[in-house]
Amino acid sequence: MLNRFINFGSRKLPNPEAEEPPVVAVNHASRATAATPPPPAPSPAVAPVSPNIEVLPPFGEVAAGERQALFLRKLQLCAVVFDFSDALSLRCARERETKRRAFQELVDFVQSGSGRLSEQVQEELVRTVAANIFRCLPPAAHENTGGDASADPEEENVFLDPAWPHLQLAYELLLRYVISTDTDTKIAKRFIDHSFVLRLLDLFDSEDPREREYLKTILHRIYGKFLVHRPFIRKAINNVFYGFIFETERHNGIGELLEILGSVINGFTLPMKEEHKLFLVRALIPLHKTKAVSVYHQQLAYCTTQFVEKDYKLADTVIRCLLKYWPVTNCQKEVLFLGELEEMLEATQPVEFQRIMIPLFKRISCCLNSSHFQVAERALYFWNNDHIVTLIAQNRGVILPIIFEALEKNMQSHWNQVINALTANVRKMFEDMDGNLFSECQQQYIEKEANANALKEQREVAWRQLEAVAVAVAAARAAGEKMILVN
């Protein structure tokens, strides 16, 4: 036993002043779904195997012929990934700053157009960017707290990734590479391939709005520059929408993806392809039915309106689908839908308007009588739009009988004075358009109310008679029971 203690005491203790190896490539907790494959392991060219980060000279201090080699060495340095989630030692903080400066020099070099990058350097550049940005995203806020996944994302605190100082420069380097005039798409498409695009799309679910903004810009630039990838990108975005609509109803980047599509739709040519029409009906329109539609409704309305402006014949299809998903029990969504509907009607031609005016104004009539004043007010604002008023005036013989009862009920019983005033203006507008038609509708309404009152009186008389008969029967039964007791 004594010998064991002596041997233990002779061992060398670790030197507390010795440098610790850098913390590298530690992923956050994963929230990848079954549809998203795990990211592949980094290639040996970018694997963080060195215990130290070498400080390399700036590009201005080396000869022009050596800059490609220096660029490659800086890329390998920037492939080292640090964990920002823990408190790091002072030495690791210095190494992080060294990496940040190297990244910034790479960005400046590509942006300045100092020279065309070789194929090997371009491949290493994409690998370095991939090593930094492709990672497992941290769990969403509702997963950490056990909250409801369908809660309004606007009510949650905004998550800011602590690794953003390096992530931003990685995204900036990729963006500058993509938009550079020196980048040859025939070579770059070997590295920015379908797999790379899919992994970019996975990152759109990041909770950091700064990251989503960069991703939106980069994917849009890739779509514009790499013509060969365009059909694949559209199909991949469709699949993201399908998963959101029919499976999860939870995704942070739907608004950014719709912004990209808004620009894409604007570039569609006529006659419109059947593929684009199917995308409208199967992906864009069903996005209206999700609980979180208010988060991205502005971008969604722009996309659907773009379709109608491109091809006016689609107005019938779009408006009927919109009526199909109308949020009858959600007043805030009704206000959004009415605003989108007005934008579509501005781009609708008279022939298409006649096809959908009956179901459309039946729904508007219900909105006019809504007890929620914002819904009724937004519906009445349709008559402030000159184009819509022109369409209504041309078809007043069909529209006025549909909405006249709603207007009269508002005048008689709506609780909000603003609604009463707006309704009075609309009534006056119809009366000025066609006084005879207005009088006819008013007479029909009076007759309908009279018939309804007469029917109500008949029901009340019938109920009174029934009550009298019931009382008489009850009295006769009580008298019979009393006689039986007396006998």
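Keep in mind the model is a prediction, meaning the values are calculated, not measured.

Conventions and cut-offs
- Residues numbered from 1 in each chain as written.
- Predicted model: local features only at pLDDT ≥ 70, side-chain atom pairs only at ≥ 80, totals over all residues.
- Heavy atoms only, no water.
- pLDDT = per-residue confidence, 0-100.
- Contact = heavy atoms within 4.5 Å.
- Helix = DSSP H or I, 4+ residues; strand = E, 2+ residues; numbered from the N terminus.
- Buried < 20%, exposed > 50% of the residue type's maximum accessible area, 1.4 Å probe, protein only.
- Phe/Tyr/Trp six-rings, centres within 6.5 Å; stacked < 30°, edge-to-face > 60°.
- Lys NZ or Arg CZ within 6 Å of the ring centre and 35° of its normal.
- Salt bridge = Lys/Arg side-chain N within 4 Å of Asp/Glu carboxyl O.
- Axes fitted to C-alpha atoms, helices over the stretch in contact; angles between N-to-C directions.
- Parallel < 35°, antiparallel > 145°, perpendicular 65-115°, else oblique.
- Polar contact = N/O pair within 3.5 Å; in protein donor to acceptor, adjacent residues only side chain to side chain.
- Nonpolar A, V, L, I, M, F, W, Y, C, P; charged D, E, K, R; others polar.

> What should I look at first to understand the confidence of the model for the protein in this one?
Segments scoring low in pLDDT should not have their predicted coordinates read at a detailed level. Considering every residue of the protein, the mean pLDDT works out to 85; 85% of them sit at 70 or more. Scored below 50 in pLDDT, residues 1-51 shows 59 contacts in the model against residues more than four places distant or in partner chains. Considering only residues more than four positions removed or in separate chains, one finds that residues 145-155, a stretch of pLDDT under 50, has 12 contacts.

> Please explain the side chain of Glu-408 as it appears in this structure.
Turning to its location among the elements, Glu-408 is positioned in helix α19 (residues 396-413). Take Glu-408: its relative accessible area is 8%, and that puts it in the buried class. Discounting chain neighbours no more than four positions away, the residues touching Glu-408 are Arg-427 and Tyr-445.

> Explain unusual backbone geometry to me, please; I cannot follow it from the model alone.
A negative phi angle characterises most non-glycine residues, just as the trans form characterises most peptide bonds. For the peptide bond that leads from Leu-270 to Pro-271, omega is 0 degrees, which places it in the cis range. Along the polypeptide, Pro-271 turns up in the loop between α11 (254-266) and α12 (274-284).

> When you look at the packing of aromatic side chains in this model, what are you seeing that I'm missing?
Aromatic rings considered in pairs are described by the distance between their centres and by the relative angle of their planes. What the rule picks out here adds up to 17 aromatic pairs. Note on Phe-134 and Phe-196: the rings are 5.2 Å apart at their centroids and 70 degrees apart in plane angle, and the pair reads as edge-to-face. Linking Phe-134 in the loop between α4 (119-133) and α5 (141-145) with Phe-196 in helix α8 (residues 194-203), this pair joins segments that are 62 residues apart in sequence. Residue Phe-134 is classed as buried on the basis of its relative accessible area, which comes to 8%. Classification of Phe-196 as buried rests on a relative accessible area of 4%. On the basis of an interplanar angle of 80 degrees and a centroid distance of 6.1 Å, the ring pair of Phe-373 and Trp-415 is categorised as edge-to-face. Of this pair, Phe-373 sits in helix α17 (residues 373-380) while Trp-415 sits in the loop between α19 and α20 (417-433); the two residues are 42 residues apart in sequence, bridging distant segments of the chain. Classification of Trp-415 as exposed rests on a relative accessible area of 55%. Three or more aromatic residues joined by ring pairs make a cluster, and in this case those are Phe-353, Phe-361, Trp-383 and Phe-430. Looking at Lys-74, its charged tip hangs above the ring of Phe-59, at a distance of 5.5 Å from the centre.

> Where do I start with α17 in this structure?
When we look at burial in α17, the residues that qualify are Val-375, Ala-376, Glu-377, Ala-379 and Leu-380. Considering only its buried residues, α17 is in contact with α15 (331-346), α16 (350-368) and α20.

> Help me understand the pattern of salt bridges in this model?
Where charged atoms from two side chains of opposite charge come close, those side chains can pair. Tallied over the entire structure, the rule returns 22 salt bridges. Taking the shortest distance from any N to any O, the salt bridge between Arg-127 and Glu-123 comes out at 2.9 Å. On the criterion of helical spacing, the pair formed by Arg-127 and Glu-123 is a turn pair, its members being 4 residues apart in helix α4. Linking Glu-211 and Arg-135 is a salt bridge whose minimum nitrogen-to-oxygen distance equals 2.8 Å. Here Glu-211 is found in helix α9 (residues 209-225), whereas its partner Arg-135 is found in the loop between α4 and α5, with 76 residues between them in sequence.

> Help me out: how do you make sense of the packing of α16 against α19 in this one?
Axes are the key here: two packed helices are described by the angle between their axes and the distance separating the axes. With their axes 9 Å apart at the nearest point, α16 and α19 run at an angle of 5 degrees to one another. The angle between the axes of α16 and α19 places the two elements in the roughly parallel class. Taking contact as the criterion, the partners of Phe-353, Met-357, Ile-358, Phe-361, Lys-362, Ser-365 and Leu-368 in α16 are, on α19, Val-398, Ile-399, Ile-402, Ile-403, Ala-406, Leu-407 and Asn-410.

> What am I meant to see in the environment of Ala-347 here?
Secondary-structure assignment places Ala-347 in the loop between α15 and α16. Separated by 41 residues in the primary sequence, Ala-347 and Gln-306 have C-alpha atoms spaced 9.2 Å apart. Those residues in contact with Ala-347 that sit more than four places away from it in its chain are Val-308, Glu-309 and Tyr-312.

> What exactly am I supposed to notice about the environment of Gln-68 here?
Locating Gln-68 in the fold gives a position in helix α2 (residues 67-78). The exposure class of Gln-68 is partly exposed, given its relative accessible area of 25%. In sequence terms Gln-68 and Val-121 are 53 residues apart; their C-alpha atoms lie 7.4 Å from each other. Excluding anything up to four places from it in sequence, Gln-68 contacts Arg-116, Leu-117, Ser-118 and Val-121. Polar side-chain contacts of Gln-68 include one of 2.9 Å to the backbone oxygen of Arg-116.

> I'm lost on the packing of α9 against helix α10 (residues 230-248) in this one. Help?
Closest axis-to-axis distance for the α9/α10 pair is 8 Å, and the angle between their directions is 145 degrees. Residue-level contacts link Leu-219, Ile-222, Tyr-223 and Gly-224 of α9 to Arg-230, Ile-233, Arg-234 and Ile-237 of α10. Looking at the contact of α9 with α10 residue by residue, the class counts come to 5 nonpolar, 1 polar and 2 charged.

> Looking at this structure, how should I read the environment of Gly-255?
Mapped onto the elements of the fold, Gly-255 is located in helix α11. Here the alpha-carbon distance between Gly-255 and His-297, two residues 42 residues apart in the chain, equals 8.0 Å. Setting aside its immediate chain neighbours within four residues, Gly-255 contacts Tyr-296 and Gln-299.

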